[in-house]
Protein chains: 2
Amino acid sequence: MVIPSEDQHMSEYIAACDERRAYISGFNGSAGTVIVTLKDAFLFTDGRYFLQAEKQLDSNWTLMKSGLPDVPTWQEFLSKNLEKHSRIGIDPTLITAADAESLETSLKAKESHLVSLTDNLVDFIWEDRPPRPANKVFPLDVKYSGESHQDKLKRLREELNKKPYKAMVVNMLDEVAWLFNLRGSDIDFNPVFFAYAVVTHDNSLLFVNTSQVDDVVRTHLGDPVQIKPYDEFFPYLRGLGGEVDLSDELQVLVGDKCNLAIVEAIGRERITILRSPIADFKAIKNETEIEGFRQCHIRDGAALTRYFAWLEEQLNSGTQLNESQAADKLEEFRSELDLFRGLSFTTISSTGPNGAVIHYSPDPADCSIIQKEQIYLCDSGAQFLDGTTDVTRTWHFGNPTDEEKRAFTRVLQGHIAIDTAIFPNGTTGYIIDSWARRPLWEDGLDYRHGTGHGVGHFLNVHEGPQGIGVRIAYNSTALKSGMTVSNEPGYYADGRFGIRIENIVIVRDAQTPNNFGNKGYLKFEHVTLSPIHKKLIDASLLTAAERSWLDAYHAEVLDKVSPLLKNDTRALAWLERECSPL
Amino acid sequence: MVIPSEDQHMSEYIAACDERRAYISGFNGSAGTVIVTLKDAFLFTDGRYFLQAEKQLDSNWTLMKSGLPDVPTWQEFLSKNLEKHSRIGIDPTLITAADAESLETSLKAKESHLVSLTDNLVDFIWEDRPPRPANKVFPLDVKYSGESHQDKLKRLREELNKKPYKAMVVNMLDEVAWLFNLRGSDIDFNPVFFAYAVVTHDNSLLFVNTSQVDDVVRTHLGDPVQIKPYDEFFPYLRGLGGEVDLSDELQVLVGDKCNLAIVEAIGRERITILRSPIADFKAIKNETEIEGFRQCHIRDGAALTRYFAWLEEQLNSGTQLNESQAADKLEEFRSELDLFRGLSFTTISSTGPNGAVIHYSPDPADCSIIQKEQIYLCDSGAQFLDGTTDVTRTWHFGNPTDEEKRAFTRVLQGHIAIDTAIFPNGTTGYIIDSWARRPLWEDGLDYRHGTGHGVGHFLNVHEGPQGIGVRIAYNSTALKSGMTVSNEPGYYADGRFGIRIENIVIVRDAQTPNNFGNKGYLKFEHVTLSPIHKKLIDASLLTAAERSWLDAYHAEVLDKVSPLLKNDTRALAWLERECSPL
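Residues numbered from 1 in each chain as written. Chains lettered and ligands numbered in written order. Predicted model: local features only at pLDDT ≥ 70, side-chain atom pairs only at ≥ 80, totals over all residues. Heavy atoms only, no water.

### What about the overall build of chain A?
- Each helix and strand in chain A was counted, giving 18 helices and 27 strands.
- What you see for chain A is a C-alpha radius of gyration of 24 Å, in line with the 25 Å of a compact globule of 582 residues.
- In terms of overall dimensions, chain A has a C-alpha envelope of 70 × 55 × 50 Å along the principal axes.
- Every one of the 582 residues in chain A was classed for burial, and the buried ones make up 59%.
- Of the contacts made within chain A by residues no fewer than 6 positions apart, 69% connect residues no fewer than 24 positions apart.
- When the accessible surface of chain A is summed, it comes to about 23000 Å², and 49% of that surface belongs to carbon and sulfur atoms. (Helix = DSSP H or I, 4+ residues; strand = E, 2+ residues; numbered from the N terminus. Rg over C-alpha atoms; globule rule 2.2 N^0.38 Å. Buried < 20%, exposed > 50% of the residue type's maximum accessible area, 1.4 Å probe, protein only. Contact = heavy atoms within 4.5 Å. Areas by Shrake-Rupley, 256 points an atom, 1.4 Å probe, with all protein chains shown as cover.)

And the structure:
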């Protein structure tokens with residue numbers, strides 16, 4: 001799945017945030033900011049969503065196309081376009097403390113100020129808002145997580161001792177879930193639950209709606225973890241702030257994505273904001289998680305094979321299928337797999353021009369019929385107890401044009417450049433991003449999204465802090481052995497077609513003939529197993545090494561996936577054909 | 001020539017700075033900082049100079065190896081290792097205002113302060129210091145510069161009008177030389193002269209030792225440029241500061257490499273510090289300068305050919321030649337070339353282990369005999385009226401080992417990766433640096449210097465702001481059509497050998513089949529013409545495209561350089577052999 005242009009700062013509220021934005025504006029993309037003034041209403045979103053937002057916004061709204069020349073960011077807009085002495089209401093649970101701080105600084109020029117609201121104004125007018133989900137929380141067995149929550153808490157406390165800090169406040173939902181080896185289903189696609197946690201040297205407190213927690217969870221957590229009602233979190237923080245003794249320099253540690261409300265509750269001067277050590281722990285998968293990634297991708301590959309073989313047959317026989325119906329079929333195949341726990345995001349099933357809408361998702365009530373003579377782009381993924389998948393394949397079931405083949409081949413060359421990368425420890429995804437673009441640039445082509453995002457282990461399909469892309473933030477996190485990341489270069493011809501080839505890769509130690517600088521060198525191991533469409537390849541562009549890579553990859557796919565296809569002869573025949581040497 | 005690890009902030013004083021450092025410490029490398037406390041003396045330098053500094057420093061000195069883990073920068077050292085309330089004397093002409101500002105900030109923790117000295121303390125004790133050079137200044141004809149100084153001043157004033165600024169103060173010697181189309185010889189290898197300039201909307205003032213300026217220069221400059229004595233510069237600035245009216249927000253513009261003394265003379269609140277617009281103008285060569293670069297590199301290629309052919313013959317016949325004697329011969333060949341105006345830096349002529357000392361220069365009184373059975377690395381360049389050259393070639397006149405061939409081939413592949421790069425406008429040298437390293441990383445190899453530096457036009461061989469490298473500063477300057485940059489990946493096996501392959505390339509518009517994003521795409525045109533040693537290539541590692549590149553390059557070298565070798569049959573035969581297809 002393509003990486004968003006902004007961090008999902010606040011995964012705990014991202015869903016709520018999206019819902020509110022969609023409610024007030026009509027735009028339901030996954031990234032955007034709404035500014036409502038006394039006279040006007042503005043929606044800021046990025047290149048992935050220009051087309052979608054133009055369709056969905058009515059005349060009350062002005063679309064602000066972030067990233068285009070002369071279009072301010074929403075922060076610049078507040079500090080430059082609003083009148084002097086503006087008071088700007090903001091929900092402090094929906095902005096990071098860091099962003100609020102830099103925004104306050106830029107507002108100084110106009111002597112304007114942010115005002116933290118106790119209640120979100122959208123909620124005031126949203127009468128029939130559905131209640132917040134409160135689904136059962138469940139433990140993730142250590143046979144899947146690879147490390148007990150007791151050991152994770154021990155590692156975190158060692159981190160607290162370094163300074164020492166009095167406590168760490170954990171507000172990212174995936175960090176809470178990872179830390180306690182718990183999962184939930186409060187947010188679509190992300191197996192997390194609404195919660196906060198506070199870890200001190202002696203105590204671990206989990207703030208969660210107690211109706212979501214049963215005895216199985218209590219037994220799993222054990223006595224040392226105290227379960228507290230969700231609503232007691234902010235009152236507790238205010239008490240914690242009172243406990244912190246400023247004289248001995250003890251501070252409360254919070255991650256750099258903590259929201260403004262947490263900072264205001266504890267008191268800014270009692271807080272140290274840092275990269276979350278839990279995010280850094282979580283990013284590096286242990287050997288159990290890595291093996292889980294491998295295994296769930298083999299199963300996922302079987303479902304993909306069954307789906308693409310089925311789809312080809314449908315189109316060849318002239319069946320009229322729309323994009324959403326096709327996506328449902330893919331979900332059906334996936335749902336039959338062992339350890340399946342739902343999709344990891346809305347399937348992008350797109351024909352022709354829809355493939356160029358980078359974050360397209362077909363509306364079941366109004367989407368296109370898949371055309372045999374158009375490129376079909378499918379970006380999809382699933383949650384399994386042993387891992388998370390995210391894979392994009394691009395097909396042409398008719399006769400592709402030379403332009404389509406050339407662009408596809410350039411994307412493939414970029415994909416191979418990342419897959420075969422070897423680089424020293426200390427290298428960031430920012431540094432190697434251009435390796436994926438080089439073959440496209442050669443033809444004057446490019447893509448307006450990142451090359452890869454981190455992937456959670458049975459957690460959010462997008463997770464930080466690592467990634468491969470042009471965002472300078474990626475230059476702050478070196479790729480390390482055990483990290484997962486997607487490899488998904490693409491090319492999009494507006495109004496005509498989209499191409500993307502995406503595998504998940506795991507960073508591993510590389511065995512190089514030398515070890516200059518004693519840094520140790522790293523490589524990627526791909527775990528995604530689905531054929532790459534040979535019909536779309538212009539073989540004359542490939543080097544001998546690229547051609548060998550493709551044939552070896554296909555042999556591996558066939559070898560690992562075919563044993564799972566014994567009961568589907570159509571799929572097996574299709575896989576054998578697609579995996580034959582180029 | 002390899003790029004230094006720090007900017008040469010103050011080219012006007014870099015020579016004086018180096019001399020003072022060498023005088024006080026004994027270390028004569030081109031980069032380093034000295035800190036002398038009441039008890040101790042420290043020299044901070046980077047990886048290129050660890051070996052050299054260890055040799056040259058005596059027991060009074062502690063070598064601080066910048067870049068190694070746990071070794072502070074000299075700035076960190078001042079703010080962390082010195083006692084509280086330290087007063088740190090500093091020569092304000094030898095530190096940029098920006099560096100002084102950030103240093104002051106970091107010193108706050110210890111309540112320490114910088115103190116600007118009127119006299120440099122080294123000068124107090126340096127009794128027999130040679131006088132500052134004051135050589136004749138001369139005009140550079142517009143047939144070489146391609147743009148009159150009147151037109152350059154006009155462009156600069158258009159820039160001043162944008163804000164508007166009251167004036168610009170120019171303190172970089174190469175910017176003064178470029179702006180007025182003047183050259184000098186006050187600093188070895190850099191055809192500049194000691195001067196400052198101030199440009200207002202109505203006046204252009206050139207502060208220069210008037211004994212260096214004759215009527216030819218006065219006629220060239222014309223009446224609108226006022227020549228003022230060098231020593232009147234700081235008094236003039238103090239008056240200029242008084243003229244600036246703070247109420248109407250008029251400010252004096254100074255480049256971001258301006259020194260602290262200038263800021264103190266005008267007054268910090270009357271100054272705007274920005275990237276120098278002159279540096280940005282100068283970085284983009286006009287078509288006359290570009291053609292000059294091409295032409296001088298053809299001539300330079302002829303001298304290189306004559307030299308390498310001669311050297312090979314000497315070694316084959318058993319002549320004992322030391323590195324310095326060989327370098328002198330190269331200078332002799334160069335000095336016979338049209339428009340030659342001296343070397344552009346000290347020739348690096350190094351055999352075996354000396355090649356691994358990245359900034360090695362042979363001491364005529366004590367250097368090694370060139371060994372036929374060792375790798376020989378030669379990095380050299382010249383100043384011509386029509387351009388500046390800088391080229392590195394690596395040879396083996398005996399039988400190279402497999403290790404040497406493999407490493408050389410990896411360096412060559414990195415060199416080709418840059419030479420053949422195509423990238424959209426907006427791309428920086430920081431982004432493409434890793435393209436040069438990828439083939440080396442594959443073998444677990446790397447090099448501890450940048451891949452390329454900007455090159456002046458009959459000016460400093462290192463010039464900013466562009467460059468290709470891992471310094472984050474390079475990420476602030478997009479590569480633009482007309483910029484010159486070196487392409488010089490390398491590999492260094494400490495104590496054994498060094499490899500580097502360096503060409504100068506010019507950024508040019510590329511004709512790509514598409515133009516995604518309407519950005520326009522760029523490529524490099526190489527101007528350096530000297531064969532790349534086939535004997536050191538392991539052809540089995542090359543792709544078909546790399547092999548074709550090499551053969552095409554050699555055909556181009558032979559075609560362009562051989563017409564200049566009519567009187568040197570040895571050189572012509574050698575060139576024909578070295579340029580034959582792989």
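### Description of the relation of the copies chain A and chain B
- Mapping chain A onto chain B calls for a screw motion: a turn of 180° about the axis and a shift of 0.0 Å along it, with 0.1 Å RMSD after fitting. This pairing of chains is accounted for by a two-fold axis. Of the C-alpha atoms belonging to chain A, the one lying closest to the rotation axis is found on A:Ile431, 3.2 Å away.
- Mapped onto chain B, 100% of the interface residues of chain A again fall at the interface, so both copies present the same surface. (Least-squares fit on C-alpha atoms with pLDDT ≥ 70 in both.)

### Notes on the side chain of A:Arg157
All names here are of chain A.
- Relative to the elements of secondary structure, Arg157 occurs in helix H7 (residues 149–162).
- No salt bridge is formed by the buried Arg157; its nearest oppositely charged neighbour, Asp202, is found at 6.6 Å.
- From its side chain, Arg157 meets the backbone oxygen of Asn203 in a polar contact 3.1 Å long. (Lys, Arg positive; Asp, Glu negative; His and termini not counted. Salt bridge = Lys/Arg side-chain N within 4 Å of Asp/Glu carboxyl O. Polar contact = N/O pair within 3.5 Å; in protein donor to acceptor, adjacent residues only side chain to side chain.)

### A look at the packing of aromatic side chains
- Tallying each qualifying case throughout the model produces 50 aromatic pairs over all chains.
- Both rings, one in A:Tyr430 and one in B:Tyr430, keep their centres 6.0 Å apart while their planes meet at 45°; by these two values the pair is tilted. With A:Tyr430 in helix H16 (residues 429–442) and B:Tyr430 in helix H16 (residues 429–442), this residue pair bridges two chains.
- Here the aromatic rings of B:Phe233 and B:Phe234 are separated by 5.0 Å at their centres, their planes lie at 65°, and the arrangement is edge-to-face.
- One aromatic cluster is present, formed by A:Tyr307, A:Phe308, A:Trp310, A:Tyr376, A:Trp395, A:Phe397 and A:Trp574 through successive ring pairs.
- Sitting over the face of the ring of A:Tyr447, A:Arg437 holds its NZ or CZ atom 4.0 Å from the ring centroid. (Phe/Tyr/Trp six-rings, centres within 6.5 Å; stacked < 30°, edge-to-face > 60°. Lys NZ or Arg CZ within 6 Å of the ring centre and 35° of its normal.)

### Structural notes on the environment of A:Val505
Residues and elements named next belong to chain A.
- On the secondary structure map, Val505 appears in strand E26 (residues 503–509).
- A relative accessible area of 0% means that Val505 is categorised as buried.
- Note: C-alpha distance between Val505 and Asn190 (315 residues apart in sequence) is 20 Å.
- The residues touching Val505, leaving out its near neighbours within four places in the chain, are Asp419, Met483, Thr484, Val485, Asn487, Phe524, Glu525 and His526.

### Looking at helix H14 (residues 323–335) of chain B
- Here H14(B) is 13 residues long and its end C-alpha atoms lie 18 Å apart, about the 18 Å a rise of 1.5 Å per residue gives.
- Sitting at the head of H14(B), B:Asn322 places a side-chain oxygen 3.0 Å from the backbone nitrogen of B:Ser324. (Expected span 1.5 Å × (residues − 1).)

### Some details on the UniProt feature "domain: Peptidase M24" (unreviewed entry) in chain A
- According to UniProt, the feature "domain: Peptidase M24" (unreviewed entry) maps to residues 292–508 of chain A in the numbering used here.
- Taken as a whole, residues 292–508 of chain A contains 32% helix and 25% strand, while its terminal C-alpha atoms sit 15 Å from one another. (UniProt positions renumbered as here; feature names shortened; annotations may be inferred.)

### Considering the sheet that holds strand E16 (residues 375–380) of chain B
Residues and elements named next belong to chain B.
- Taken together, three strands build an open sheet; the order of strands is E15-E16-E19 and the sheet is antiparallel. Sheet topology places strand E15 (348–351) and strand E19 (391–396) at the edges, where each strand pairs with a single neighbour. Between one strand axis and the next, the sheet turns by 10° as a mean value, whatever way the strands run.
- Summarising the sheet, E16 and E19 pair through six bridges and their orientation is antiparallel. (Pairing = 2+ DSSP bridges. Axes fitted to C-alpha atoms, helices over the stretch in contact; angles between N-to-C directions.)

### What to know about the packing of helix H17 (residues 544–561) of chain B against helix H18 (residues 569–578) of chain B
Residue and element names in this part refer to chain B.
- At a minimum axis separation of 9 Å, H17 and H18 run at an interaxial angle of 160°. Judged by the inter-axis angle, H17 sits roughly antiparallel to H18. Every pair of crossing elements has a handedness; the one defined by H17 and H18 is left-handed. Every residue of H18 that contacts H17 at His554, Val557, Leu558 and Val561 is listed here: Leu575, Glu576 and Glu578.
- When its residues are assigned to classes, the contact of H17 with H18 shows four nonpolar, one polar and two charged. (Parallel < 35°, antiparallel > 145°, perpendicular 65-115°, else oblique. Left-handed = near helix turned anticlockwise from the far one by under 90°. Nonpolar A, V, L, I, M, F, W, Y, C, P; charged D, E, K, R; others polar.)

### Observations regarding the state of the cysteines
Residue and element names in this part refer to chain B.
- Counted by the stated rule, this structure contains zero disulfides over all chains.
- Here Cys367 is not disulfide-linked; the sulfur of Cys378 is the nearest cysteine sulfur, at 13 Å.
- Overall, the relative accessible area of 17% leaves Cys367 in the buried class. (Disulfide = S-S within 2.5 Å.)

### Quick look at the nonpolar core
- One finds A:Phe524 and B:Phe524 to be the most contacted residues of the largest nonpolar core, which totals 174 residues.
- Once residues within four sequence positions are removed from consideration, A:Phe524 is found in contact with A:Ile418, A:Asp419, A:Ala421, A:Phe423, A:Ile432, A:Ile468, A:Leu479, A:Val485, A:Val505, A:Ile506 and A:Val507. (Core = buried A, V, L, I, M, F, W, Y, C linked by side-chain atoms within 4.5 Å.)

### Structural notes on the confidence of the model for chain A
Residues and elements named next belong to chain A.
- In the predicted model, chain A carries a mean pLDDT of 93, and 97% of its residues have values of at least 70.
- In this model residues 4–15 is a low-confidence stretch, pLDDT under 50, and it forms 40 contacts with partners more than four residues away in sequence or in other chains.
- Scoring the predicted complex yields pTM 0.92 and, for the interface, ipTM 0.91. (pLDDT = per-residue confidence, 0-100.)

### Here we look at the sheet that holds strand E2 (residues 41–45) of chain B
All names here are of chain B.
- Spatially, E1-E2-E3 is the arrangement adopted by the three strands of the open sheet, whose pairing is mixed. Every interior strand has two partners, whereas the edge strands, strand E1 (33–36) and strand E3 (61–65), have only one. Adjacent strand axes in the sheet meet at a mean angle of 20°, parallel and antiparallel pairs treated alike.
- One ladder, built from four bridges, connects E1 with E2; its direction is antiparallel. The residue bridging Thr33 from the neighbouring strand is Phe44, located in E2.

### Concerning the UniProt feature "domain: Peptidase M24 C-terminal" (unreviewed entry) in chain A
- According to UniProt, the positions carrying the feature "domain: Peptidase M24 C-terminal" (unreviewed entry) are residues 520–582 of chain A.
- For residues 520–582 of chain A, helix accounts for 44% and strand for 10%, while the C-alpha atoms at its two ends are 35 Å apart.

### Topic: unusual backbone geometry
Residues and elements named next belong to chain A.
- With an omega of -5°, the peptide bond running from Lys163 to Pro164 counts as cis.
- Looking at where Pro164 falls in the secondary structure, it is placed in the loop between H7 and strand E7 (167–170).
- The backbone of Phe189 sits at a positive phi, close to 75°, despite the residue not being glycine.
- Topologically, Phe189 is positioned in the loop between strand E8 (182–183) and strand E9 (195–200).

### Looking at the interface of chain A and chain B
- Taken together, the contact pairs 32 residues of chain A with 32 residues of chain B.
- Of the roughly 2700 Å² buried where chain A meets chain B, counting both sides, 60% is carbon and sulfur surface.
- Of all residues in chain A, A:Arg438, A:Trp441 and A:Phe516 give up the largest surface area on contact with chain B, accounting jointly for 28% of the area buried on that side.
- The interface formed by chain A and chain B includes zero salt bridges.
- If you look at where chain A meets chain B, you find 16 residue pairs in polar contact (both at pLDDT 80 or more).
- Sorting the residues of the side of chain A that touches chain B by element identifies strand E20 (422–424), H16 and strand E24 (490–493) of chain A as the ones contributing at least two each.
- Counting residues per element, the side of chain A that touches chain B draws most heavily on H16(A), at seven residues.
- Classifying every residue of the side of chain A that touches chain B gives 17 nonpolar, nine polar and six charged. (Buried area = accessible area lost by both parts, 1.4 Å probe.)

### So, the side chain of A:Glu175
Residues and elements named next belong to chain A.
- Relative to the helices and strands, Glu175 resides in helix H8 (residues 173–180).
- As a buried residue without a salt bridge, Glu175 has its nearest oppositely charged side chain in Lys282, at a separation of 5.5 Å.
- Filtering out sequence-adjacent residues up to four positions away, Glu175 remains in contact with Met168, Val170, Ser276, Ile278, Ala279 and Lys282.

### Some remarks on the pairing of strand E24 (residues 490–493) of chain B
Residues and elements named next belong to chain B.
- Of the two faces of E24, both are covered, the one formed by Gly490 and Tyr492 as well as the one formed by Tyr491 and Ala493.
- Alignment of E24 against strand E25 (residues 497–500), held across four bridges, turns out to be antiparallel. Its bridge partner lying in E25, Tyr492 is registered against Gly498.
- The antiparallel pairing of E24 with E25 creates a hairpin that spans three residues between the two strands, and Gly495 there sits at a positive phi of about 80°.

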